[in-house]
Amino acid sequence: MNGWDIVTWSAIVVLVAGSVAVFVWFLGAARELLRDGRDEQDPS
Amino acid sequence: MHAIDFAVVGVYVALMLGVGLLVSSRIHGFRDYFVAGGRLTTPLLVCTLVSTYYGLDVLFGNSEVSYQEGVVGFFGYTRPYYLVILIAALVVARKLRDHDFLSLPDVADHYYGRGTRVVVAIASAFYSLPLISVMGIGVLLDVMAGVPFPVGVIVGAVVSVAYTLLGGLLADALTDTLQFVLMCVTLGIAAALTLRELGGMSGMQAALPATYFEPMGTYPAWVLVVFAGSALSALIEPAFYQRIFAAVSYRAVLAALLLGIVLWAAYDWVATVLGMAAAARGLEVEPRYALLTVVIDALPAGLTGLFIAGALAAAMSTIDSYLLIAGGNLAYDIYRPLFRPDMDDASTLRLTRWMIVFSAAACVVFALFFQTVVSAWIAMSTVLVASALVPLLIALYAPWEPRPAAGLASSLAGLGVAIAYYALVTAFGADDPEWGTRIWTVDVGGRTLALWQDYALLFALPASIIGYAVGHRVGRPRAADDASRIGPRVVPAEARVNDEEIS
């Protein structure tokens with residue numbers, strides 16, 4: 001495995017793992033965002 | 001493609017439209033529609049920035065270059081963007097959050113007045129026409145289902161208009177997230193499978209000429225300068241500005257951009273490798289089709305559909321975002337201040353939606369004009385950089401008081417020279433099939449100059465600088481009590497705390 005291989009496999013890992021991690025983070029934030037939106041519309 | 005692939009694509013597109021419909025019921029005015037009421041948090045910003053800014057243009061544009069030339073697709077074409085985005089994150093974003101802006105032309109108006117606002121809005125609207133993503137859908141439908149490219153372009157525009165009218169930025173940001181993860185994961189899997197089949201990068205080195213692994217490739221030096229110059233558009237990127245204004249805090253913007261740079265770099269490198277893989281496999285395709293062809297070959301049934309769905313959604317999401325900006329530029333930044341300053345919120349929102357339809361029609365015309373994705377991207381970046389970069393950066397950072405004449409002369413000179421250059425190369429140049437662009441060959445003092453269509457920025461940017469200097473010399477400072485100025489923003493309490501924490 002040469003330098004190009006190491007860079008390429010690292011990029012693949014960062015791309016897949018990084019995007020999944022951000023998506024999981026987003027799921028929590030989206031729940032909060034949509035709940036805030038509901039609260040704004042229905043103050044009761 | 002198998003039936004299961006078509007089913008996956010159908011379900012995915014329906015899901016996207018459903019999310020758009022659900023969220024569109026929360027839109028109560030232009031601010032909700034255009035900047036999501038300023039409620040975007042870090043993870044949402046990461047997803048929407050990464051996926052919107054990197055649509056099919058980057059995927060196909062980058063792989064188009066690497067299919068023909070190798071790793072220069074990464075080092076010459078995309079790498080300059082990371083540096084510029086870093087500068088934008090650390091320097092420009094913080095400054096912009098001090099005011100109550102909604103759009104890039106708002107910034108121009110604040111410093112130079114209405115004239116510069118209109119010129120910057122015209123450039124921003126042209127830049128924001130998502131013609132590359134519309135071209136991308138044309139490419140997708142051609143490769144997937146054999147639909148002729150012009151028909152695919154029109155279908156892409158019609159679908160995207162329907163989608164864009166449904167929701168504003170919040171709907172867009174939410175739908176961005178699913179396509180973001182799908183696009184990244186399927187691209188990563190496709191790259192892993194392709195690399196395994198080709199024996200890794202070592203196998204590709206054996207199959208490709210050594211020049212494919214030279215970081216600066218065999219492009220003429222001026223083309224690399226133009227690539228780097230077009231990266232300056234990141235400093236005045238309308239979608240980037242829109243998301244800065246839509247963020248809950250500066251810290252959210254900063255974190256999103258820093259994370260984004262890491263993901264963008266990984267995405268670019270993988271796209272570069274896939275373009276090269278198409279060349280290593282000896283595929284004889286149009287350069288812009290290279291990545292898609294090699295990915296469809298590599299992925300098994302089901303995953304192919306997922307990748308196509310992700311690519312389609314990436315295009316739709318980018319189209320959604322940029323049509324929104326183009327429509328907003330035409331309605332909010334040009335029509336309203338020039339013709340109906342007292343236009344109410346509901347009318348602005350309605351006119352914006354009509355302008356979105358108009359922008360989509362303009363997209364189709366331009367999408368059929370350019371030969372390559374990269375040429376189209378360079379042209380759009382050139383128009384924006386030439387007309388907005390110099391006046392806006394000087395206004396934000398120069399110690400002297402901005403003068404309206406300087407902003408107007410700078411933006412008009414940059415825009416005018418860019419348009420004139422393209423007109424001249426179109427009229428007197430000839431198509432070059434080897435480089436996939438138009439070149440005008442002229443004799444100057446016994447020397448032959450090859451003027452590429454893509455060199456417009458080399459003339460337009462200096463013209464903008466000269467225009468600024470002349471305008472600054474002859475113009476007068478703007479009156480301090482000018483009522484049309486956009487004042488300091490009313491910062492929400494949470495954002496104020498967050499912005500102060502990191503300063």
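Scroll up a little and you will see the structure.
Cut-offs used in this document
- Residues numbered from 1 in each chain as written.
- Chains lettered and ligands numbered in written order.
- Predicted model: local features only at pLDDT ≥ 70, side-chain atom pairs only at ≥ 80, totals over all residues.
- Heavy atoms only, no water.
- Helix = DSSP H or I, 4+ residues; strand = E, 2+ residues; numbered from the N terminus.
- Contact = heavy atoms within 4.5 Å.
- Areas by Shrake-Rupley, 256 points an atom, 1.4 Å probe, with all protein chains shown as cover.
- Buried < 20%, exposed > 50% of the residue type's maximum accessible area, 1.4 Å probe, protein only.
- Axes fitted to C-alpha atoms, helices over the stretch in contact; angles between N-to-C directions.
- Parallel < 35°, antiparallel > 145°, perpendicular 65-115°, else oblique.
- Left-handed = near helix turned anticlockwise from the far one by under 90°.
- Nonpolar A, V, L, I, M, F, W, Y, C, P; charged D, E, K, R; others polar.
- Core = buried A, V, L, I, M, F, W, Y, C linked by side-chain atoms within 4.5 Å.
- Phe/Tyr/Trp six-rings, centres within 6.5 Å; stacked < 30°, edge-to-face > 60°.
- Pairing = 2+ DSSP bridges.
- Expected span 1.5 Å × (residues − 1).
- Bend = angle between axes of the 7 residues up to and from the residue.
- Polar contact = N/O pair within 3.5 Å; in protein donor to acceptor, adjacent residues only side chain to side chain.
- Salt bridge = Lys/Arg side-chain N within 4 Å of Asp/Glu carboxyl O.

Undergrad: I keep staring at the overall build of chain B and nothing clicks. Help me out?
TA: Each helix and strand counted, chain B has 21 helices and 3 strands in total. Contacts in chain B between residues at least 24 apart in sequence constitute 84% of all its contacts with a sequence separation of at least 6. If you sum the accessible surface of chain B, you get close to 17,500 Å²; carbon and sulfur atoms cover 67% of it.

Undergrad: How should I be thinking about the overall build of chain A in this particular structure?
TA: From N to C terminus, chain A includes 1 helix and 0 strands. Every one of the 44 residues in chain A was classed for burial, and the buried ones make up 30%. When the accessible surface of chain A is totalled, it reaches about 2,800 Å², and 63% of it is carbon and sulfur.

Undergrad: Sorry if this is basic, but what is going on with the packing of helix α5 (residues 72-96) of chain B against helix α12 (residues 221-231) of chain B here?
TA: When two helices pack together, you describe them by how their axes are tilted relative to each other and by the distance separating the axes. All names here are of chain B. The geometry of α5 relative to α12 is characterised by a closest axis approach of 8 Å and an angle of 30° between their N-to-C directions. Taken together, the axes of α5 and α12 lie roughly parallel to each other. The handedness of the crossing between α5 and α12 comes out as right-handed. Contact residues: α5 offers V72, G76, Y77, P80, Y81 and V84, while α12 offers L224, F227, A228, S230 and A231. Per-class residue counts for the contact of α5 with α12 are 9 nonpolar, 2 polar and no charged.

Undergrad: Explanation requested: the nonpolar core in the structure shown.
TA: Buried together is how nonpolar side chains tend to be arranged in soluble globular proteins. B:L59, B:L131, B:M204, B:I236, B:Y241 and B:F307 are the most contacted members of the largest nonpolar core, which has 169 residues in total. Counting 5 residues, the second-largest nonpolar core is a separate cluster that includes B:A121, B:A125, B:L330 and B:I334.

Undergrad: How should I be thinking about the packing of aromatic side chains in this particular structure?
TA: The relation between two aromatic rings is expressed through the spacing of the ring centres and the mutual angle of the planes. Residue and element names in this part refer to chain B. Applying the stated rule across the entire model yields 12 aromatic pairs over all chains. Judged by centre distance (5.2 Å) and plane angle (90°), the ring pair of F74 and W269 falls under edge-to-face. With F74 in helix α5 and W269 in helix α14 (residues 250-280), the pair connects residues that are 195 residues apart, well separated along the chain. Here W269 falls in the buried class, since its relative accessible area comes to 3%. Geometrically, the ring pair formed by F75 and W269 is edge-to-face, given 6.1 Å between the ring centres and 70° between the ring planes.

Undergrad: Is there a simple way to think about the sheet that holds strand β1 (residues 430-432) of chain B in this case?
TA: Pairing between the strands of a sheet is mediated by backbone hydrogen bonds and can be parallel or antiparallel. Residue and element names in this part refer to chain B. On the basis of which strands lie adjacent, the open sheet formed by 3 strands has the order β1-β2-β3 and antiparallel pairing. The open sheet has two edge strands, β1 and β3 (447-452), and neither has a second partner. Each neighbouring strand pair of the sheet contributes to a mean axis angle of 45°, computed without reference to strand direction. Where strand β2 (residues 437-444) meets β3, 6 bridges bridge the pair, whose relative direction is antiparallel. Of the residues in β3, the one forming a bridge with D443 is T448. Strands β1, β2 and β3 of the sheet are contacted by helix α19 (residues 404-428), whose axis makes an angle of about 90° with β2.

Undergrad: Looking at this structure, how should I read α5(B)?
TA: Since the α-helix packs 3.6 residues into each turn, any two residues three or four apart lie on the same face. For α5(B), built from 25 residues, the straight-helix expectation of 36 Å at 1.5 Å per residue is met to within 8% by its first-to-last C-alpha distance of 33 Å. Of all the bends in α5(B), the largest measures some 45° and sits at B:T78, one to four residues before the proline B:P80.

Undergrad: Can you help me understand the side chain of B:D109 in this one?
TA: All names here are of chain B. The residue D109 is located in helix α6 (residues 104-112) in this model. What makes D109 buried here is its relative accessible area of 5%. At 2.8 Å, the side chain of D109 forms a polar contact with the side chain of R117.

Undergrad: Please clarify how the pattern of salt bridges should be interpreted in this entry.
TA: Pairing between side chains of opposite charge can happen when their charged atoms approach one another. All names here are of chain B. Using the criterion set out here, one finds 6 salt bridges over all chains in the structure. With a closest N to O distance of 3.6 Å, R281 and E197 form a salt bridge. Pair noted here: R281 is in the loop between α14 and α15 (290-298) and E197 is in helix α10 (residues 169-198), with a separation of 84 residues, a long-range link. Here R281 and D297 are joined by a salt bridge, their closest N and O atoms 3.4 Å apart. Of the two residues, R281 is situated in the loop between α14 and α15 and D297 in helix α15; the sequence distance between them amounts to 16 residues. According to the relative accessible area criterion, R281 is partly exposed, its value standing at 28%. The structure contains a network of salt bridges with shared partners spanning D106, D109, R117 and D333.

Undergrad: Would you explain the environment of B:G328 in this entry?
TA: Residue and element names in this part refer to chain B. Note on placement: G328 falls in helix α16 (residues 303-339). In this structure G328 comes out as buried when scored by relative accessible area, which is 0%. In this structure the C-alpha to C-alpha distance between G328 and R353, which are 25 residues apart in sequence, comes to 8.3 Å.

Undergrad: What is the right way to look at helix α17 (residues 345-367) of chain B in this model?
TA: All names here are of chain B. When the terminal C-alpha atoms of α17 are compared, their 32 Å separation across 23 residues agrees well with the 33 Å that a helix rising 1.5 Å per residue should span. Turning to α17, its buried residues are S347, T348, L349, L351, T352, I356, S359, A360, A362, C363, V364 and A367. N-cap assignment for α17: the residue whose side-chain oxygen lies 3.3 Å from the backbone N of A346 is D344.

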